[in-house]
Structures are given as structure tokens and as C-alpha cells.
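In case you want the letters, here they are:
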Amino acid sequence: MQQFQHYIDGSFLNAAAQFDSLDPASGSVWAKMPQATPEDVTAAVDAADRAFNAPDWAQMTASHRGKLLHVLADLIAENAPRLAELETRDTGKIIRETSAQIAYVADFYRYYAGLADKIEGAHLPIDKPDMEVWLRREPIGVVAAIVPWNSQLFLSAVKIGPALAAGCTVVLKASEDGPAPMLEFARIFDQAGFPKGVLNVITGGPDVGAALTSHPKVAHVAFTGGPDTARHIVRNSAENLASTSLELGGKSPFIVFEDADIESAVNAQVSGIFAATGQSCVSGSRLVVHASIKDQFLARLKEKAEEVVIGAPDDMQTEVGPLCTERQRDTALDLIERSLAQGAKLITGGQPVEGEGFYFQPTILDCSEARNADSLSHEFFGPVLSVVSFETEQEAIDIANDTAFGLASGLFTKNLTRAHRMIRAIRAGIVWVNTYRAVSPIAPFGGHGLSGHGREGGLQAALDYTKIKTVWLRTSDDPIPNPFVMR
Ligand code: NAD
């Protein structure tokens, strides 16, 4: 049985209590995880606060911070197989995906390493004589980073990378579902040479998250998770008026026009919904397809969905692995049953896979005649696609925008002018045209509405971890006259 420890103030610590972590492929306990207490939360935030103010971090040059982030990126690349293996073991995310993703995680750290000494202030052409006025960009303070189980190494990189580049310090709460990769990441981080307390990694459930986000020394909360949790976090952070960035869920439309390259669009849709076993915030979970190609499109999609190799997450041949938890599997089943009762038609799948582990069949529901089906409005976070057909461009826009979320969207058409009209009309933080799921450290990522606010990735993300200090400097040597003497 593997045991994991917290990482607080540069030390690896056993917690007073532990909890079991289940292997999603078998449903059995494989490791013991540390359960943070309120004292652990305080110790982690205090360590981050001390580190934030200590000269070895506070006075470190930005270029030096960048060098340390480069060392970290190299260490991540060196240790990629171990990190990928642990993420696969603890979350059920398939090894094909964890291996590819962790290599790219190193590139995210490299991007922020390079950005550290390019976070510039500004000089203002002020409207007064004998004054110099400039803006300093200073790190915002202690950052509480909270992530869900899916893609934790990636979702934490887009927080830790820009936060450290900007000179902040971080307390990361790993998800209680599958925290192993983050606790192992702490071991790798420890070798990179950062001063102690710059990053602290703890785990535990909602109570730990609540204690962390309401802590008076936390200046900013960077959160990825569901909208209900986000509401708690905003209330908690109101304690000390900490700022927040919220990367939440989605119900992203995947729109296919009649002139699209059907085979490309089908392939993109298959990975758009079934990659990561559907446990992805940008899942293209609503297929909005032109009525004239719907039958052809669905027939091809069904064929591909039924060919998907479901299997052990650590097998390189596996294309769809288990869901992370039994709870996720039950939620998917419940939502499918409700949607079928509301008139949705089952095209394929719809059931958990028999046997041990939390496997679920790739599922397609046709909701064209059941526009009020819950599957069109609720996020599954599982391998379930809901389909609606449309006749006109305006109808496609209306269906695409008929959601409280606004994270991602996909558009397949060869018509350039239509693509431009659609890009303008779709309410989402990302529009992928004739592609889907592309990400890069250089491109901002985030949504509107129930999908949250703030952006991760790109230069703006690093600026969001800074605050502006306006400096006024008088350049005249003349004495300042007494303001109360009339002249
Ligand atoms: P969740 O909101 O239940 O949990 C996310 C994290 O928040 C966990 O670490 C959890 O312990 C913590 N948490 C729970 N209650 C808390 C509280 N009261 N205060 C502070 N922290 C608390 O989400 P989940 O079900 O684990 O993850 C799935 C959700 O995450 C989906 O909605 C998905 O779309 C979203 N997600 C979004 C993105 C994105 O980048 N936009 C990426 C991945 C996942």
C-alpha cells in the first residue's frame, strides 16, 4: 500500500489522519492519502506567507525565478513517466493521455519561465510638471490553488506557473479524488531549488478547500471545478476580499454544417467527447448538426463509438478508461435515465460496463425531438454526447447559445464568411474552427457565465497574479510651499 505525504514549508509531513484512495479500474483501495486538518491548512498558508515576504524570494530577480521554473520544467520532463503512471493509477485517466499531457505540462512551465522577466510595469506621461509617475507590477501575494481530479498536473501548471513567474507563493489543494500525482509533483518541485514555502501541497475535501479559501492571508484564489463549488469559494473569499479566477464547467456545442468534411468532423467529435472518458471541461458534449447530414453523421459516429477500445487505463491500447469515481458513474446513469424519460433516443451505449471498476459505455443520445432533455443542459463529465439537429444558421446559433455555460465551442464548415458570422455570434470563451481541443501555453483559456471568469494561459494569466502600484515622484528641488499661507 503506497503512502503519500503533504508538502508544507519545504518538508514532507505525515498527516494526523489518512484516507483511502481507490483505483478506478478495480474499485479497490491502492494508496493512503494524507487528510489535511485545519492546523495543516494554517501551517501551509503561514509557510507561503513567510516565503512571500522572505528576502530569498521577495528580492529574487525575476530572471532568477524564471531560471528556477526552467529547472522545474526539466525535472518534470525527466520524471514524466512516473507522474503519468501515478495520474493514471489514481484517477483512471488513460496512460496514452497522461503521458502526452505531462510532456506538454513541462512546456507550460517553460512558457512561464520565459515570461517571468517580461512582466513589465509602465511609465505614464503625466499631466503635471516636475513629476515622474510609473506603475510597478508587484506579485499579488499568497495564492490558494484548488483543482479537480481530472488533469491535475495540467490544471495546476496553469496556476503555479504564472503565479511563481509573477513572484507569488502558492498553497495547492489537490483533489481528494486522485491526489497522488500532485503529492508526487511536490517531490519533484522540492528538487528544483525554490526557497522553502514557495509552494505547499495539501489534500482533503470540501472542508479543507473552505478553510484554505477563507484564510485571511490568502490574496487570490485560483479555482478549477464546478459552478456550485465556485459559489462557495466566492462566498468564502469574501472574508478577506481575495480576488478569484474561476475555471468552471461547460456544455460546449460542436456545430457541424452540411458542407463540412464529415470524416474530419466525426473524428474530432469522437475525441471531443470520449477523450478523457468525457471528464473534460471542454468536452464537445452537444453535437449541433445540420438536419441534411444528421443520419449520415450519426451512423458514422455510432460506428466509431462502438469501436472504441475500452480497457485498463495503464494499457497503451486503451482509448476509453474508467470514470474517476463511482459517484461519476452513478451521476451519468441517472442523467441518461432522466433524459430518456424526457424523450431522448438512445443511439448507442447508455450503461456502465459490466465487471469491476467505474467504466461507462460511450453513449450517444439524440435529443432532436426532446429539446428540454436534461442531458442538453447538465454537464455529465462522462462519455455522453447529446445531439440536436438544425435547419438554419440562426437556429444553430440559438441552440449553441442555449446554455448557462460559455466555455468552448467547435465549428465545422468550409464556408469562410459563415465561419466569421458564427465566430461573432457564439457566446463562448473559445471557438475552434475545423478543429477541436487544441490548447497551448500561449493561448488564453477560460469562459463566460457559469463557466467562470479569468483566463489561464498566455501573458494575461501572469498579469492576473500581479497588482499595480502607482508611484508619484516629485523631481523639483524647490521647497513645497505651505498650503495654508495666502500669497
Ligand atoms: P468540484 O467543484 O466538486 O471540486 C473541485 C475542487 O474543489 C476539489 O479539489 C474539491 O475538494 C474542492 N472543493 C469542494 N468544495 C469546496 C469548498 N466548499 N471550498 C473550496 N474547495 C472546495 O469539481 P469536481 O466535480 O471535482 O470536478 C469537475 C468539475 O470541474 C466540472 O464542472 C468540470 O467542468 C470542472 N473543470 C473545469 C475546467 C476548466 O478549466 N474550466 C477543467 C477541468 C474541470
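Everything in this summary refers to the structure shown in the same document.

About the cut-offs
- Residues numbered from 1 in each chain as written.
- Predicted model: local features only at pLDDT ≥ 70, side-chain atom pairs only at ≥ 80, totals over all residues.
- Heavy atoms only, no water.
- Helix = DSSP H or I, 4+ residues; strand = E, 2+ residues; numbered from the N terminus.
- Buried < 20%, exposed > 50% of the residue type's maximum accessible area, 1.4 Å probe, protein only.
- Areas by Shrake-Rupley, 256 points an atom, 1.4 Å probe, with all protein chains shown as cover.
- Core = buried A, V, L, I, M, F, W, Y, C linked by side-chain atoms within 4.5 Å.
- Near = heavy atom within 4 Å.
- Polar contact = N/O pair within 3.5 Å; in protein donor to acceptor, adjacent residues only side chain to side chain.
- Nonpolar A, V, L, I, M, F, W, Y, C, P; charged D, E, K, R; others polar.
- Patch = residues over 30% accessible without salt bridge, like charges linked within 9 Å, V, L, I, M, F, W, Y side chains within 5 Å.
- Salt bridge = Lys/Arg side-chain N within 4 Å of Asp/Glu carboxyl O.
- Axes fitted to C-alpha atoms, helices over the stretch in contact; angles between N-to-C directions.
- Parallel < 35°, antiparallel > 145°, perpendicular 65-115°, else oblique.
- Left-handed = near helix turned anticlockwise from the far one by under 90°.
- Contact = heavy atoms within 4.5 Å.
- Pairing = 2+ DSSP bridges.
- Right-handed = clockwise from strand over helix to strand, strands pointing away.

1. Considering the overall build of the protein chain
Here comes step 1: Counting secondary structure elements, the protein chain contains 16 helices and 21 strands.
Here comes step 2: Overall, the C-alpha framework of the protein chain stretches about 85 × 60 × 35 Å when taken along its three principal axes.
Here comes step 3: Classification of the 487 residues of the protein chain by burial places 56% in the buried group.
Here comes step 4: When the accessible area of the protein chain is evaluated, it comes to approximately 20100 Å², of which 52% is carbon and sulfur surface.

2. Quick word on the nonpolar core
Here comes step 1: Leu72, Ile76, Tyr109, Leu164, Phe185, Phe189 and Phe194 are the most contacted members of the largest nonpolar core, which has 66 residues in total.
Here comes step 2: Core analysis: the next-biggest nonpolar cluster, separate from the first, contains 31 residues, Ala260, Val282, Leu385 and Leu407 among them.

3. Side note on the site of the ligand
Here comes step 1: Neighbouring the ligand are 29 residues; Val147, Glu176, Thr229, Leu248 and Glu379 lie closest to it.
Here comes step 2: Interatomic distance of 2.8 Å between a backbone N/O atom of valine 147 and an oxygen atom of the ligand.
Here comes step 3: Here an oxygen atom of the ligand sits 2.6 Å away from a polar atom, N or O, in the side chain of threonine 229.
Here comes step 4: Protein coverage of the free-state accessible area of the ligand, which is 850 Å², stands at 90%.
Here comes step 5: Going through the elements one at a time, α8 (206-213), β11 (218-224) and α9 (227-237) are the ones with two or more residues in the shell around the ligand.
Here comes step 6: Residues of the shell around the ligand, tallied by class, amount to 14 nonpolar, 11 polar and four charged.

4. Focus on a nonpolar patch on the surface
Here comes step 1: Taken together, Met1, Leu22 and Val29 make up a surface patch of nonpolar side chains, about 260 Å² in accessible area.
Here comes step 2: Position of methionine 1 among the secondary structure elements: in the segment before β1 (2-3).
Here comes step 3: Since its relative accessible area comes to 60%, methionine 1 is described here as exposed.

5. A word on the packing of helix α3 (residues 62-78) against helix α7 (residues 180-190)
Here comes step 1: Where α3 meets α7, the closest approach of the two axes is 9 Å, and the angle between their N-to-C directions is 130 degrees. Taken together, α3 and α7 sit at an angle that is classed as oblique. Handedness of the α3/α7 crossing: right-handed. Residue-level contacts link Leu72, Leu75 and Ile76 of α3 to Phe185, Ile188 and Phe189 of α7.

6. Describing the pairing of strand β13 (residues 253-256)
Here comes step 1: A two-sided burial pattern is seen for β13, the buried positions comprising Pro253 and Ile255 on one face and Phe254 and Val256 on the other.
Here comes step 2: Alignment of β13 against strand β14 (residues 286-290), held across four bridges, turns out to be parallel. Within β14, the residue paired with valine 256 across the bridge is valine 289.
Here comes step 3: Between β13 and its parallel partner β14, the chain crosses via helix α10 (residues 262-274), and the hand of that crossover is right-handed.
Here comes step 4: Judged from the three bridges that link them, β13 and strand β18 (residues 410-412) form a sheet pairing that is parallel. Each bridged residue has a counterpart across the sheet, and for isoleucine 255 the counterpart in β18 is leucine 411.

7. Quick word on the sheet that holds strand β17 (residues 384-390)
Here comes step 1: Spatially, seven strands are ordered β15-β16-β17-β14-β13-β18-β19 in an open sheet, and the strand pairing comes out mixed. At either end of the open sheet lies a strand with only one pairing partner, and these are β15 (345-348) and β19 (432-433).
Here comes step 2: Relative to β17, β14 runs parallel, the two sharing five bridges. From the neighbouring strand, arginine 286 faces β17, where its bridge partner is serine 386.
Here comes step 3: Against the sheet, α10 touches β13, β14, β16 (363-366), β17 and β18, its axis set at about 170 degrees to β13.

8. Thoughts on the sheet that holds strand β21 (residues 466-474)
Within a sheet, neighbouring strands are paired by backbone hydrogen bonds and run either parallel or antiparallel to one another.
Here comes step 1: An order of β6-β7-β21 is seen for the three strands of this open sheet, with the pairing classed as antiparallel. Taken across any chain shown, the strands that pair with only one partner, and hence form the sheet edges, are β6 (122-124) and β21. Ignoring strand direction, the axes of neighbouring strands in this sheet form an average angle of 25 degrees.

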